[in-house]
Amino acid sequence: MDKFRNVKKALLTILMLIIGILFMSPFLWMISASMKPEADVFLYPIQWIPKHWNLIENYKTVWSTKFSLYYWNSIKVSVLTTALSVLLSSMAAYAFSKIKFRGRHVLFVLVLAIYMIPSQAILVPQFLLFRWMGLFDSHFGLILLGSFSVLGTFMLRQFYMGIHEEFIESARMDGAGHVRIFFSICTPLVRPAIATYAILRFIWTWNDYQNPLIFLRTKDLFTLPLGIRSFADLNGEFYSLIMAASVSAIVPLLIIFIIGQKQVIEGISTGGVKG
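Residues numbered from 1 in each chain as written. Predicted model: local features only at pLDDT ≥ 70, side-chain atom pairs only at ≥ 80, totals over all residues. Heavy atoms only, no water.

Asker: Go over the overall build of the chain with me, naming the residues and quoting the values.
Answerer: Helix and strand counts for the chain stand at 13 helices and zero strands. Seen in sequence order, the chain has helices and strands lined up from the N terminus as α-α-α-α-α-α-α-α-α-α-α-α-α. Taken along its principal axes, the extent of the C-alpha atoms in the chain is 70 × 70 × 35 Å. Accessible surface, the chain as shown: approximately 16900 Å² in total, 71% of it carbon and sulfur. Within the chain, the 14 negative side-chain charges are centred at a point lying 6 Å from the centre of the 24 positive side-chain charges. (Helix = DSSP H or I, 4+ residues; strand = E, 2+ residues; numbered from the N terminus. Areas by Shrake-Rupley, 256 points an atom, 1.4 Å probe, with all protein chains shown as cover. Lys, Arg positive; Asp, Glu negative; His and termini not counted. Charge placed at Lys NZ, Arg CZ, Asp CG, Glu CD.)

Here it is in structure tokens:
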């Protein structure tokens, strides 16, 4: 029986390894192509390890354009959007879970109902509103647009609800108000969940193509998705350069995930055993 179980486990491991390699192969090809001369990109069979290296020249060409400006724009928008979204979603989640007021549940249902509306359906009203407010074609407007998240509020509310009322009652007896309870007691207890949402929010904002496309017109304000599209329009026949730009674009996402993966796993584990 143990022998059969070991064989089954070995076969399952081999199967998962094959699937993992298949999923990773486009990413590995992108990295490999970014290091090759253009003439070697589409050679068959694929040269996973380049015979002729063009690494420095490709990346130098990419970063000598406005790519660095697009990169900085994406970092600024993504970081500020993530920080503001985490703050607002956490405060809303705390209010819906720990502050008792009339109509709380009805209001929360209305908030969830907003999530069911496709984002494309409200693009025109958002466009008209932002243009009327003078926020169109600005990073500030783009940051505000991504700072309100129904999903983040719902996700964090579930974790705030898992905090025992005894902690809050003890703080109230010591004279703490909601601001002190929120920042000093509740938020540290749900830190893994906040880190998980922050990583997801950063990734969503970094990869967002639709909102910058609609709400930005000035090229110097473009974020990386629009920047890569503009770069591809100018260098569409040079796939080695496009792959170099794409590899550069995903580096921050890899760094963020590597740094925060422990918090993500802890947040998922906490959510799985809560209650």
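Asker: So what's going on with the environment of I19? Which residues, and what values?
Answerer: If you trace the backbone, I19 turns up in helix α1 (residues 2-33). Given the relative accessible area of 32%, I19 is considered partly exposed. I19 sits 182 residues away from R201 along the chain, and the two C-alpha atoms are 28 Å apart. (Buried < 20%, exposed > 50% of the residue type's maximum accessible area, 1.4 Å probe, protein only.)

Asker: Quick one: what's the story with unusual backbone geometry, residue by residue and with numbers?
Answerer: Even without being a glycine, D137 presents a positive backbone phi close to 60 degrees. Tracing the sequence through the fold places D137 in the loop between α5 (123-133) and α6 (139-145).

Asker: Before we move on, can you summarise the packing of helix α3 (residues 67-98) against helix α4 (residues 104-115) with the specific residues and values?
Answerer: Contact pair α3 / α4: the axes reach a minimum separation of 9 Å and the direction vectors enclose 140 degrees. With respect to α4, the element α3 is oriented oblique. Between α3 and α4 lies a crossing of left-handed hand. Residue-level inspection shows A95, F96, S97 and K98 of α3 in contact with α4, the latter providing R104, L107, F108 and V111. For the contact of α3 with α4, the residue count by class is five nonpolar, one polar and two charged. (Axes fitted to C-alpha atoms, helices over the stretch in contact; angles between N-to-C directions. Parallel < 35°, antiparallel > 145°, perpendicular 65-115°, else oblique. Left-handed = near helix turned anticlockwise from the far one by under 90°. Contact = heavy atoms within 4.5 Å. Nonpolar A, V, L, I, M, F, W, Y, C, P; charged D, E, K, R; others polar.)

Asker: I'd like a rundown of the nonpolar core, residues and numbers included.
Answerer: V62, F67, W206, F215 and L224 are the most contacted members of the largest nonpolar core, which totals 33 residues. Those elements that provide at least two residues to this core are α1, α2 (55-63), α3, α5, α6, α10 (191-207), α12 (224-234) and α13 (239-273). For this core, the leading source of residues is α13, giving eight residues. Ignoring any residue separated from it by four or fewer positions in sequence, one finds F215 in contact with L123, Q126, F127, F130, F136, D137, S138, L142 and L145. Within the second largest apolar cluster, 17 residues are counted, among which are V86, A93, L156 and Y197. (Core = buried A, V, L, I, M, F, W, Y, C linked by side-chain atoms within 4.5 Å.)

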